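If you want the building blocks of each chain, they are given just below.
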Amino acid sequence: MIKLQHIERVFLVGEEEVHALRDVDFSASGGEYIAIMGPSGSGKSTLLNILGLLDRPDGGTYELDNIMTTSLDDKKQANVRRHKIGFVFQFFHLVPRLTAEQNVELPLVLAGVDKTERKKRVLETLESFGIGDRVHHRPDQLSGGQRQRVAIARATIMKPTVILADEPTGNLDRASGNDVVDILEELNSQGITLIMVTHDPELGERAKRRIKMVDGRIEGDTATQS
Amino acid sequence: MQARDIVFFSMQATTASRGRTILTLLAMAIGVSSVILLISLGDSGRRYVIDQFASLGTNLLIVIPGRSETIGGPPPLLGETPRDLTLDDAIALTQSTAIRRVAPIIAGSAPVSVKQLEREMVVLGSSSDLLEIRHLEMNQGRFLPPGDLDRGGNVCVIGSKGRKELFGNQQALGKWLRIGDRRFRVIGVLADTGVSLGEDMGEVVIIPVATAQSLFNKVSLFRIVVEASNEDAIGRAKKAILSIIRARHEGEDDITVITQDAILATFDKIFRALTLTVGGIAAISLVVAGIMIMNIMLVAVSNRHSEIGLLKALGAPRTQIMGLFLTESALLSITGAFLGFLLAYSAMKLLAGFLPEYNLALAPWSPVMASGLALGTGIIFGVLPARRASLLEPALALSRR
Ligand SMILES: Nc1ncnc2c1ncn2[C@@H]1O[C@H](COP(=O)(O)OP(=O)(O)O)[C@@H](O)[C@H]1O
Ligand SMILES: [Mg+2]
């Protein structure tokens, strides 16, 4: 359950204030599949970062699964990120010196999970994402599609309630992009909330609910319009 | 995060940027090894000098004629010359219960000859107690016989080197030699105890003090060497010497008493200060190494912005990021220190091979010091980069590519 109220985010660029988000109200219930669309610079990434607790709003409140996240300290926020949120990025953000297996293992390592338990879960997950034969490859030895699958495996290994994907297909060709979205939709069908930023109208159409952002505001939401 | 995983993660990170890591390790190794090496050299020097002094005897006091300026008190009127120390002064000292042994000493140099062979040698006039007081050992024969100090005798004890020079491979014991125009029978040869503080007992000839008085035609003693009855009696012995001599010298304090432990303490202090100074100078190279570590870590932080952002996105709080980066700099410095310790160890081994007589060795606490220095350097210079990493805003860190 997600509930944003009156979210403001202002960046200072030199002397100038840039309003990335203006009075954004938004809520989503568990298991939803939402596409966020809109022109470049309209605040989509900023919204996603705030949903993922990677950024703090300058005003407003954010409630996630009945936790008022905007009043949590660093440690507690980190804990919410660890257990409830999985992030998928346009540029994958795999650690280049680590193998696929080690990249996926990272959230478990940070959480202090035992080695044997980690190994089991990582291998299972990589298997189920169809990259069980790429376990010991480094990111530079993987194709774009494979990299994004490793990244999604990493985002889901902690069994989050929400997956936030910021243009996950932006760096992929259409075929591997479709594969990646298939995987994300499969995760959504298992009950994970999926919120995906995309430029691609075709991909946007696949979502059950679409939000259109313009200039830091939510201008359209299929859930409220119809 | 489990400790093993922290170390593993940090190790992987440092080995990923090999060139810089190696350079930093080198700097750290040089810094730590120079600190350890210089401090250990200073310490070895200190031990050498102390051992040398200690080997002169135990609980020694040395009585020298004339008042040293440092003793204080009003200066003597009319610049009177100090009274001589006499044999009777030495004999009088034996009355004190704080004093175990007394050996008067007259020293001079004289031509010593056996047949045609002649050598200029140091001739010491002393008594039988000198053997015990100075921890001398006999190789052959006996030392000077005990008995009345003012009864001389035409006997002598020679050092091992002198024996070789004067008698070659021949038996010296029982033979006669000539000092000046007098003849002496060799009754003993000293064992070779090496040089102690430049006083080479191998090249002396020791004769009874009364004989030396007439040989050099003077009654005044060069000094009196006294052994206190035990360590606690040194202070009492000193007081006793001063008061006995004062009584015999018409109330004048015209001697100086030097105690062995005072000299030892002074040398100990000087060497410790010297060692610390030298070590402090060497520590500057550690600071250089520390700054290199700080630099490499700052570069790592700015190169790994997106990795740090990612770790935060995956649920790492600030403290964890801080811990990871501190571990990295600590690993660098500890590894460097370990290498530095090995370096110092081998350098010391090498030096000790060239200078065996000095007993060179790394100070026993140097491994502890090396690891302490390393951890200190790593953590002090690691804090700034680690803090910088931990304070990065995740959204910002991830948006830069
Ligand atoms: N860290 C930042 N500093 C300054 N301005 C920023 C920052 N992040 C985003 N912005 C600005 O906020 C606005 C929204 O950005 P963003 O959310 O990235 O848009 P989108 O993802 O929809 O393209 C843009 O005008 C962008 O320039
Ligand atoms: Mg964006």
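Along each chain, residues carry numbers from 1 onward, in the same order as the chain's sequence is written. Whichever chain is written first is A, and whichever ligand is written first is 1; the rest continue in order. The predicted origin of the model limits local features to residues at a pLDDT of at least 70 and limits the giving and counting of side-chain atom pairs to 80 or more, whereas totals for whole chains, interfaces and linings rest on all residues. Side-chain numbers come from the whole structure's heavy atoms, not from hydrogens or water.

Asks: Any chance you could explain the overall build of chain A here in plain terms?
Replies: What chain A contains, in helices and strands, is 8 helices and 10 strands. For a compact globule the rule gives 2.2 Å times the number of residues to the power 0.38, and the radius of gyration it is set against comes from C-alpha atoms. The C-alpha radius of gyration of chain A comes to 17 Å, within 12% of the 17 Å expected for a compact globule of 226 residues. A principal-axis box enclosing the C-alpha atoms of chain A has dimensions of 45 × 40 × 40 Å. Looking at chain A as a whole, 54% of its 226 residues are labelled buried. It only takes one pair of heavy atoms within 4.5 Å for two residues to be counted as in contact. Of the contacts made within chain A by residues no fewer than 6 positions apart, 69% connect residues no fewer than 24 positions apart. Carbon and sulfur atoms form 47% of the exposed surface of chain A, whose accessible area is close to 9900 Å². Of the charged side chains in chain A, 29 are positive and 34 negative, and the gap between their average positions amounts to 6 Å. Comment: elements are numbered from the N terminus, with helices defined as DSSP H or I runs of at least four residues and strands as E runs of at least two. For each residue, the accessible area found with a 1.4 Å probe, counting protein chains only, is set against the maximum for its type, and the residue is called buried under 20%, exposed over 50%, and partly exposed in between. The protein chains shown are the only cover counted for residues, whose accessible areas, like all others here, come from Shrake-Rupley with a 1.4 Å probe. Only four residue types enter the charge count, namely Lys and Arg as positive and Asp and Glu as negative; His and the chain termini do not. A charged residue contributes its charge at one atom only: NZ of Lys, CZ of Arg, CG of Asp or CD of Glu.

Asks: So what exactly am I meant to see when it comes to the environment of N49 of chain A here?
Replies: Here N49 of chain A is to be found in helix α1 (residues 44-51). Along the sequence, N49 of chain A and F87 of chain A sit 38 residues apart, while their C-alpha atoms lie 9.3 Å from each other. Once you skip the residues sitting within four places of it in the chain, N49 of chain A turns out to touch L54, D55 and F87 of chain A together with A395 of chain B.

Asks: In this structure, what is going on with the sheet that holds strand β1 (residues 2-13) of chain A? I would like to understand it.
Replies: All names here are of chain A. Here, strands pair whenever DSSP counts at least two bridges between them. Read across the sheet, 4 strands follow the order β2-β1-β4-β5 without closing on themselves; strand pairing throughout is antiparallel. Edge positions in the sheet fall to β2 (16-28) and β5 (67-68), since each of these pairs with one other strand and no more. One ladder, built from 2 bridges, connects strand β4 (residues 59-64) with β5; its direction is antiparallel. Residue pairing across strands places L64 opposite I67, the latter belonging to β5. Strands β1, β2 and β4 of the sheet are contacted by α1, whose axis makes an angle of about 125 degrees with β1. Helix axes are fitted only over the stretch in contact, all axes being lines through C-alpha atoms; the angle between N-to-C directions runs from 0 to 180 degrees.

Asks: Looking at this structure, how should I read the pairing of strand β10 (residues 204-208) of chain B?
Replies: Residues in a regular strand point their side chains to alternate faces of the sheet. Residue and element names in this part refer to chain B. By the criterion of burial, β10 is predominantly enclosed, with 5 of the 5 residues buried. Two strands pair when backbone bridges link them, and strand β3 (residues 117-126) and β10 are joined in this way by 5 bridges, in the parallel orientation. When the bridges of β10 are listed, V122 appears paired with V204. In the sheet, strand β5 (residues 155-158) pairs with β10 via 2 bridges, with the strands oriented antiparallel. In the sheet register, V157 faces β10, and the bridge partner there is I206.

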